[in-house]
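This is what each chain is made of:
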Amino acid sequence: MTIEMTCPTCGSHDISKNGTTRRGKQNYKCRDCNRQFIEDPQWKPKDKDTRAFIDLLLLEKIPLAGIARATHVSESWLQG
Ligand SMILES: [Zn+2]
């Protein structure tokens, strides 16, 4: 099963689910470098699709706060 995730260490997409943390967050493990990590929008790379989607939302004059919530990026990142 392929998960739409990117390893924060090596950038691999070969990620498997690895249970959940005590806080109930999904835990992932990279099969290439064996790094374990949890899903965290703060470090999630902004791929081309996300950027294109944000551009679209900006054109629709949606407030930055709304875009940030919808795309899980920070408002400060959007302003940058
Ligand atoms: Zn990796």
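Once a new chain begins, its residue numbering starts again from 1 and follows that chain's sequence as written. With pLDDT at 70 or above as the cut-off, local features in this predicted model cover only qualifying residues; side-chain atom pairs require 80 or more to be listed or tallied, and sums for whole chains, interfaces and linings still use all residues. With hydrogens and water set aside, each side-chain value is computed from the structure's full complement of heavy atoms.

Q: It is not clear to me how the coordination of the zinc ion should be interpreted in this structure. Could you clarify?
A: Tetrahedral coordination by four donors places them ideally at 109.5 degrees to one another around the metal; octahedral coordination by six donors ideally gives 90 or 180 degrees. For Na, K and Ca the donor cut-off is 3.2 Å, and for all other metals it is 2.8 Å, counting N, O and S atoms only; because water is absent from this set, sites may look incomplete. The coordination sphere of the zinc ion contains the protein donors Cys7 (SG), Cys10 (SG), Cys30 (SG) and Cys33 (SG), at a distance range of 2.3 to 2.4 Å. A site with four donors is called tetrahedral when every donor-metal-donor angle falls between 85 and 135 degrees; four donors are called square planar, and six octahedral, when opposite donors sit more than 155 degrees apart and all other angles fall between 65 and 115; any other arrangement is irregular. Its four donor atoms give the zinc ion angles of 106 to 117° at the centre, a pattern that matches the tetrahedral case. Of note, the donors binding the zinc ion are all from one chain and are spaced C-x2-C-x19-C-x2-C. With Cys7 in the segment before β1 (15–20) and Cys30 in strand β2 (residues 26–30), this residue pair connects regions lying 23 residues apart in the sequence. A relative accessible area of 0% places Cys30 in the buried class. The numbering of helices and of strands both runs from the N terminus, where a helix is a DSSP run of H or I of at least 4 residues and a strand a run of E of at least 2. Here the term buried applies to any residue with accessible area under 20% of the maximum for its type, exposed to any over 50%, and partly exposed to those in between, with areas from a 1.4 Å probe on protein chains only.

Q: Got a minute to help me understand the environment of Leu57 in this structure?
A: Of note, Leu57 is situated in helix α1 (residues 48–59). Of the residues examined, Leu57 reaches a relative accessible area of 12% and is grouped as buried. Contacts between residues were defined by any pair of non-hydrogen atoms, one from each residue, lying within 4.5 Å. The contact partners of Leu57, leaving out residues within four places of it in the chain, are Ile62, Ile67 and Thr71.

Q: In this structure, what is going on with the sheet that holds strand β3 (residues 36–38)? I would like to understand it.
A: The strands making up a sheet associate through hydrogen bonds between their backbones, and the pairing can be parallel or antiparallel. A sheet is described by the order of its strands in space; here three strands give the open sequence β1-β2-β3, paired in antiparallel fashion. Each edge of the sheet is formed by a strand with only one pairing partner; in this case those strands are β1 and β3. Across the sheet, the mean angle separating the axes of adjacent strands is 35° when strand polarity is ignored. By the bridge criterion, four bridges tie β1 to β2 in an arrangement that is antiparallel. Note on β2: the bridge partner recorded for Thr20 is Gln26. A pair of strands counts as paired when DSSP detects no fewer than two bridges linking them. Where helices are involved, their axes are fitted lines through C-alpha atoms of the stretch in contact, as for all axes, and angles between N-to-C directions lie from 0 to 180°.

Q: Even after reading the chapter, I still don't get unusual backbone geometry, so can you show me in this structure?
A: Excluding glycine, a negative phi dihedral is what most residues carry, and trans is how most peptide bonds are arranged. A positive phi is found at Lys61, a non-glycine position, where the angle reads about 60°. Of note, Lys61 is situated in the loop between α1 and α2 (64–71). Relative accessible area serves as the criterion here: at 74%, Lys61 is assigned to the exposed category. The phi torsion at His72 lies on the positive side, around 60°, for a residue other than glycine. Along the polypeptide, His72 turns up in the loop between α2 and α3 (75–79).

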